[in-house]
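These are the residues of each chain, in order.
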Amino acid sequence: MLEVQNIETYYGETQALFGTSLSVGEGEIVALLGANGVGKTTTIRSILGLTPPRSGAILFDGDDISRSQTHEIARMGIGWVPDDRRIFPTLTVERNLSIARKKTRFRRWQVKEMFDIFSALEHLMGRECENLSGGEMQMVAISRALLGSPGLVLFDEPSQGLAPKIVQDVMATIRRLKSEGISVLVVEQNAMSALSVADRVYVMDHGRIVHEGPASELLEDDDLRGKLLGV
Ligand code: ATP
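Calculation notes
- Residues numbered from 1 in each chain as written.
- Predicted model: local features only at pLDDT ≥ 70, side-chain atom pairs only at ≥ 80, totals over all residues.
- Heavy atoms only, no water.
- Pairing = 2+ DSSP bridges.
- Helix = DSSP H or I, 4+ residues; strand = E, 2+ residues; numbered from the N terminus.
- 1 Å grid on protein atoms, 1.4 Å probe; cavity = no way out; pocket = protein on both sides within 12 Å on 5 of 7 lines; lining within 4 Å.
- Points joined across faces, edges and corners; volume = space filled by probe spheres on them.
- Nonpolar A, V, L, I, M, F, W, Y, C, P; charged D, E, K, R; others polar.
- Patch = residues over 30% accessible without salt bridge, like charges linked within 9 Å, V, L, I, M, F, W, Y side chains within 5 Å.
- Areas by Shrake-Rupley, 256 points an atom, 1.4 Å probe, with all protein chains shown as cover.
- Salt bridge = Lys/Arg side-chain N within 4 Å of Asp/Glu carboxyl O.
- Lys, Arg positive; Asp, Glu negative; His and termini not counted.
- Charge placed at Lys NZ, Arg CZ, Asp CG, Glu CD.
- Near = heavy atom within 4 Å.
- Polar contact = N/O pair within 3.5 Å; in protein donor to acceptor, adjacent residues only side chain to side chain.
- Buried < 20%, exposed > 50% of the residue type's maximum accessible area, 1.4 Å probe, protein only.
- Contact = heavy atoms within 4.5 Å.

A. Quick peek at the pairing of strand S4 (residues 55-60). Examined bridge by bridge, strand S1 (residues 2-11) and S4 share five bridges and lie antiparallel to one another. What sits directly across from Glu 8, in S4, is Ser 55. For S4 and strand S5 (residues 63-64), the ladder comprises two bridges, and the chain directions are antiparallel. Residue pairing in the sheet places Leu 59 in a bridge with Asp 64 of S5. In this antiparallel pair of consecutive strands, S4 and S5, the connection spans two residues, and Asp 61 shows a positive phi of 50°.

What follows is the structure, given as structure tokens:
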């Protein structure tokens, strides 16, 4: 579904990614882990065309998107749940969701299906988003991504700022997306949460992938996990 091939991404003259390659299969959950500032968000920004790579290629469902604009990439079926949620604060939940609807080549979701996933959402529809809790905002951000009919959803630090119980709910939602055939790339500093849902994992350091393998290997091998992730 996603092939990131040897990309080099810069902020001005500062290079942030040095030949990063990774892939996400259909219906697969892949975690991209690593410490602060190693290039995880930059990888997401490169895929979305927000900070396009200077070299290398990014293929999504067979199409080369490395030179595409962000709005084109969204219309092709890549959803994004950003770390800072980026909800319109003065609009209601309903309005935030209704403006997110898009038709792509992938499954179209209805708003009422969001209520099956997040039972609390139905009662929040009339609320202005600036008054929502962190967990409620995350529900809106995930619902907004799904209403854009994605084949792949990129989650940037979905556990950031959330209570442990809400983090568990978010991880359960990621599993649910997989059961619907949606592919997921989840970027996390909270390695244990991400490893609990991921099929495969990449670890980054200084803009490079330094480890790739099944998530079960890192969950079971305490020494390797400690060496790579410090947990
Ligand atoms: P974190 O979890 O802290 O966000 P990260 O792994 O996502 O870390 P990135 O945000 O991708 O890391 O940052 C990778 C490198 O690029 C860092 O050295 C960072 O300082 C740099 N960087 C990130 N954004 C910018 C920017 N807008 N301008 C210049 N440098 C940036």
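Now that the structure has been shown, we can carry on.
B. Looking closely at the layout of surface pockets. Here the largest pocket defines a volume of roughly 550 Å³. Lining of the largest pocket is provided by 21 residues; of these, Ala 74, Ile 78, Trp 80, Lys 102 and Arg 144 occupy positions nearest its centre. Counting only elements with at least two residues in the lining of the largest pocket, the list comes to helix H2 (70-76), strand S6 (78-81) and helix H5 (134-147). Per-element accounting of the lining of the largest pocket gives the leading share, four residues, to H2. Class assignment for the residues of the lining of the largest pocket results in 11 nonpolar, six polar and four charged.

C. Structural view of a negative patch on the surface. On the surface, Glu 217, Glu 220, Asp 221 and Asp 223 cluster together into a patch of negative charge. Summarising the element assignment, Asp 223 is placed in helix H9 (residues 222-229).

D. Structural context of the site of the ligand. Within the structure, the ligand sits among Tyr 11, Ala 16, Ala 35, Asn 36, Gly 37, Val 38, Gly 39, Lys 40, Thr 41, Thr 42, Glu 157 and Gln 189. In the environment of the ligand, an oxygen atom lies 3.0 Å from a nitrogen or oxygen atom belonging to the backbone of Gly 39. Coverage of the ligand by the protein amounts to 57% of the 630 Å² it exposes when considered alone. It is helix H1 (residues 40-47) that provides the largest number of residues to the shell around the ligand, a total of three residues. Class assignment for the residues of the shell around the ligand results in four nonpolar, six polar and two charged.

E. Highlighting a nonpolar patch on the surface. Together, Met 192, Leu 219 and Val 231 give the surface a local cluster of nonpolar side chains, amounting to about 230 Å² of exposed area. Following the sequence through the fold, Val 231 ends up in the segment after H9. The exposure class of Val 231 is partly exposed, given its relative accessible area of 46%.

F. Region of the structure containing the pattern of salt bridges. With the rule as written, the count across this model stands at 13 salt bridges. A salt bridge links Glu 113 to Arg 107, with the shortest nitrogen-to-oxygen separation between them at 2.7 Å. Here the residues in one salt-bridge network are Arg 107, Glu 113, Arg 176 and Glu 180, joined through shared partners.

G. Structural detail: the environment of Glu 188. Mapped onto the elements of the fold, Glu 188 is located in strand S8 (residues 183-188). Take Glu 188: its relative accessible area is 1%, and that puts it in the buried class. Residues Glu 188 and Gly 34, spaced 154 residues apart in sequence, show a C-alpha to C-alpha distance of 7.4 Å. Glu 188 has contacts with Leu 32, Leu 33, Gly 34, Lys 40, Glu 157, Pro 158, Ser 159, Met 171 and Ala 194, leaving out every residue within four places of it along the chain. Among the polar contacts made by the side chain of Glu 188, one reaches the side chain of Ser 159 at a distance of 2.8 Å. Of the polar contacts made by the side chain of Glu 188, one reaches the backbone nitrogen of Asn 190; its length is 3.0 Å.

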